[in-house]
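Here are the chains, one letter per residue:
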2 protein chains.
Amino acid sequence: MKHGGDLISYRDFYKGNLIDFSSNINPLGPPEGLGEILENSFEKLKAYPDIKYRNLKRSVANYLNCEDKNVVVGNGAVEIIDNFIQLFDRVLVFIPSFSEYELRSKVHKKEVLKLKYTDDFKVDLQSLKDNIKRGDLLILGNPNNPTGMRIEEDVLLSIYKIIREKDGFLLLDEAFFEFCPEDYDSIEIFKKYNFKNVGIIRAATKFFALPGIRLGYGCTSLDIVERYRNIELPWSVNALADCAGGYIFQCKDYIEKSKAYIHEERKYLLSELFNLEGIAPYSTQSNYILIKLLKWNEEYVFNYFLKRGIVIRKCSSFEGLDGEYIRVAIKDREKNMKLIKSFKELGEY
Amino acid sequence: MKHGGDLISYRDFYKGNLIDFSSNINPLGPPEGLGEILENSFEKLKAYPDIKYRNLKRSVANYLNCEDKNVVVGNGAVEIIDNFIQLFDRVLVFIPSFSEYELRSKVHKKEVLKLKYTDDFKVDLQSLKDNIKRGDLLILGNPNNPTGMRIEEDVLLSIYKIIREKDGFLLLDEAFFEFCPEDYDSIEIFKKYNFKNVGIIRAATKFFALPGIRLGYGCTSLDIVERYRNIELPWSVNALADCAGGYIFQCKDYIEKSKAYIHEERKYLLSELFNLEGIAPYSTQSNYILIKLLKWNEEYVFNYFLKRGIVIRKCSSFEGLDGEYIRVAIKDREKNMKLIKSFKELGEY
């Protein structure tokens, strides 16, 4: 299983509604009122989406606080990652991280150099410096998946310094950006440099709870926007995702409420998990938690939870993690309590 | 302008509702009842689409009368074409044809060999035989865009014979299949051969009038399905397109009515156009008509129609056609009459 969220594959094992802790979606669901907007947009399905996505790019630019001309869009963040990969010769990733960085690189027959995060899952600056060369694409999750850790601001600036010195390119996958504490905004930092040698990707998928709509967006320098335009598929963002972009970013109350909610639940879930025997959770800044299993393997724990109607994410599919890690999403209080209850019972065996 | 349908770019030139004869969509619009289906599917946007598209592939297989396991799906036909291109080393196209065959090949740095259709826009079998070699991907529009011509059944079989002899691969782009007279069905023909060395692509875009929803599908041999799966992007079909697939193919009345409608309007429009001076229309089997301009160039005629609120398709962007061809879609009777009226007035200058 390369990805979370594939509940259909488990339906034969539990007769009831499965609770999905394997995919990391905002538990509050999409912004209210979106349904109505989409209903009124059915007419749009009868025409091609604007091939230049003029309105969508304006909405994204307003939301990201950058200029329209720096914006790229795609069929989910993963397509944007895929397009960036096509623009470079060699790809550097740190492991463990989102498996698609490597998979998409291989599809495009790009050399992939895998470096290791430090034992506490930080970027190893020395290793980066020693290995990166001109024209390399470095892809970093910020926060990283599955660790949930955000790159500290001073470390990010150190990484950028290395990137500029070596003339590489830094692609930040910030699909979970809004869930994180408000420390810094990479777009504010890098727009001062006109996004030179940097791309930043975000998406409606996770925070706006719209994985089904397929809307990713990002910003980068003008020269890369142009190269991106030359290789992207036409009409890759569907008409309803295009329309949704004109609405969701304006939902300020929803955005604030979601941030506060995740903040609270993260505090709750982490404090509960830290109290339990047999597991060692990592302190996350995102809406999911990586947990090291001290007494069981992932398979045992996965099946244990599945029997209780809960799907968690086994992590051995993340290279660099052996079979003793799982990942759980942060969901609403009721579900989080169920998860904790099951964890407690797991400890009793 | 590589593609039709980009009306936004012309809005400054005509203050009113433009009639779009540049994109070739079923004038009856999408099947009735689809809006309701989609409204009830908003919940699906909150989850990832089934990464294996099990239900969608079953619906497509039922519609195409093939097996689920032979089906591939994508974010519009163009993404499927793009994925096929990635699987082969060299691409053969006949010109004039859909520009994306060559463009997507170049994106993937594939060699492209361009052969010419005969003067009456038929596949040149001798030229094919002389040029194709082992491992080549031959992409043919059936019917071809912009000519509207379908490959005759015996010619198709001759092409397949060459493909098999040379161990090439034939990709039929049948995005306009349902608009054509019911002569033969390539899927019925090639499933007898287990789709060996053949892929057939269709889409909801044109016939089901859903360019905005982004739903393409096709069928091919099991070995190619597997290779396709290894390179396709995850979740490339959005959740509403996934749902739409469970509905539109069952709308038998709509399908029959649309076919009959296009048949009638094609007859009407062709007979009117053949009567006019200064133009030479090609006899199409699809829902669009290629027209050779005998007295004007495309730019003049394009601007002439634009001033009257009609957008037509200039064809010089199709390699192999000079600046004296245009393409018009077949629309509803009222609009078709407007088109003819404007053509008549054009002739009076």
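Residues numbered from 1 in each chain as written. Chains lettered and ligands numbered in written order. Predicted model: local features only at pLDDT ≥ 70, side-chain atom pairs only at ≥ 80, totals over all residues.

Undergrad: Tell me about the environment of alanine 61 of chain A, and name the residues and values.
TA: All names here are of chain A. If you trace the backbone, alanine 61 turns up in helix 2 (residues 54-64). For the pair alanine 61 and cysteine 219, spaced 158 residues apart in sequence, the C-alpha separation works out to 8.4 Å. When neighbours within four sequence positions are excluded, alanine 61 is seen to be in contact with Cys66, Glu67, Asp68 and Val71. (Helix = DSSP H or I, 4+ residues; strand = E, 2+ residues; numbered from the N terminus. Contact = placed C-beta atoms within 7 Å.)

Undergrad: Just give me the short version of helix 11 (residues 298-307) of chain A, but keep the residues and values in it.
TA: All names here are of chain A. Taken together, the buried positions of helix 11 are occupied by Glu298, Val301, Phe302 and Phe305. Viewed along the axis of helix 11, the buried residues span an arc of 100°, placing them on a single side of the element. When the buried face of helix 11 is taken as reference, the exposed residues oriented beyond 90 degrees from it are Glu299, Asn303 and Lys307. In the core, the buried residues of helix 11 are packed alongside strand 10 (288-293), strand 11 (310-311), strand 12 (313-314), strand 13 (325-329) and helix 12 (333-348). (Buried ≥ 20, exposed ≤ 12 C-beta atoms within 10 Å, placed from the backbone. Arc of directions from axis to C-beta.)

Undergrad: Quick one: what's the story with the sheet that holds strand 6 (residues 169-173) of chain B, residue by residue and with numbers?
TA: Residue and element names in this part refer to chain B. Read from one edge to the other, the open sheet built from seven strands follows the order 2-8-7-6-5-3-4, with strand pairing classed as mixed. Each of the sheet's edge strands pairs with one partner strand only, and the pair in question is strand 2 (71-74) and strand 4 (111-116). Each strand axis lies, on average, 25° off the axis of its neighbour in the sheet, ignoring direction. Pairing of strand 3 (residues 90-95) with strand 5 (residues 136-141), which is carried by four bridges, proceeds in the parallel orientation. Looking at strand 5, one finds that leucine 92 is bridged to leucine 138. Its contacts with the sheet put helix 3 (residues 77-86) on strand 2, strand 3, strand 5, strand 6, strand 7 (198-203) and strand 8 (216-220), and the angle it makes with strand 7 is roughly 160°. (Pairing = 2+ DSSP bridges. Axes fitted to C-alpha atoms, helices over the stretch in contact; angles between N-to-C directions.)

Undergrad: Before we move on, can you summarise the packing of helix 10 (residues 252-274) of chain A against helix 12 of chain A with the specific residues and values?
TA: All names here are of chain A. Following both chains from N to C, one finds helix 10 and helix 12 inclined at 10°, their axes separated by 11 Å at the closest point. With respect to each other, helix 10 and helix 12 are oriented roughly parallel. For the pair helix 10 and helix 12, contact is made by Glu265, Tyr268, Leu269 and Glu272 and by Arg333, Asn336 and Ile340, respectively. A breakdown of the residues in the contact of helix 10 with helix 12 according to their chemical character gives three nonpolar, one polar and three charged. (Parallel < 35°, antiparallel > 145°, perpendicular 65-115°, else oblique. Nonpolar A, V, L, I, M, F, W, Y, C, P; charged D, E, K, R; others polar.)

Undergrad: Quick one: what's the story with the interface of chain A and chain B, residue by residue and with numbers?
TA: Contacts between the two partners involve 42 residues from chain A, matched on the other side by 42 residues from chain B. Of all elements in the fold, only helix 1 (34-39), helix 3 (77-86) and helix 9 (239-245) of chain A reach the threshold of two or more residues within the side of chain A that touches chain B. Per-class residue counts for the side of chain A that touches chain B are 23 nonpolar, 10 polar and nine charged.

Undergrad: Talk me through the nonpolar core; I want residue IDs and the actual numbers.
TA: Leu137 and Ala244 of chain A together with Leu137 and Ala244 of chain B are the most contacted members of the largest nonpolar core, which has 193 residues in total. In this view, leucine 137 of chain A contacts Phe84, Ile85, Phe88, Val91, Leu92, Phe169 and Leu171 of chain A; residues no more than four positions away in its chain are not counted. (Core = buried A, V, L, I, M, F, W, Y, C linked by C-beta atoms within 7 Å.)

Undergrad: Hey, could you go over the sheet that holds strand 8 (residues 216-220) of chain A for me, with residue numbers and the actual values?
TA: Residues and elements named next belong to chain A. Taken in spatial order, the seven strands of this open sheet run 2-8-7-6-5-3-4, and their pairing is mixed. A single partner strand is all that each edge strand has here, and the edge strands are strand 2 (71-74) and strand 4 (111-116). Taken over all neighbouring pairs, the strand axes of this sheet differ in orientation by 25° on average, direction set aside. Bridge count between strand 6 (residues 169-173) and strand 7 (residues 198-203): four bridges; the pairing is parallel. Following the sheet pairing, aspartate 173 is matched in strand 7 by isoleucine 201. In this fold helix 3 packs onto strand 2, strand 3 (90-95), strand 5 (136-141), strand 6, strand 7 and strand 8, with an angle of close to 160° to the strand it touches most, strand 7. Across the sheet, helix 4 (residues 100-107) touches strand 3, strand 4 and strand 5, and the angle it forms with strand 3 is around 160°.

Undergrad: Can you break down the relation of the copies chain A and chain B residue by residue, with the values?
TA: Turning one copy of the chain about an axis and sliding it along that axis gives the other copy, so a rotation and a shift relate them. The operation relating chain A to chain B is a screw motion whose rotation component is 180°, with 0.0 Å of axial translation and a residual RMSD of 0.0 Å. Within this description, the copies of the chain are treated as partners about a two-fold rotation axis. Minimal C-alpha separation from the rotation axis in chain A is found for glutamate 39 of chain A, amounting to 3.2 Å. With an isologous cut-off of 70% or more, the 100% of interface residues of chain A that recur at the interface of chain B puts this contact in the isologous class. (Least-squares fit on C-alpha atoms with pLDDT ≥ 70 in both.)

Undergrad: An account of unusual backbone geometry is needed here, citing residue identities and associated values.
TA: All names here are of chain A. At the junction of isoleucine 95 and proline 96, the peptide bond is cis and its omega measures out at 0° in the coordinates. By the secondary structure assignment, proline 96 is in the loop between strand 3 and helix 4. If you check the backbone angles, asparagine 65 has positive phi at about 60° while not being a glycine. Here asparagine 65 is to be found in the loop between helix 2 and strand 2. Of note in the backbone geometry, alanine 209 takes a positive phi value of approximately 55° without being a glycine. Secondary-structure assignment places alanine 209 in the loop between strand 7 and strand 8.

None of the figures reported here should be taken as evidence of function without further support.
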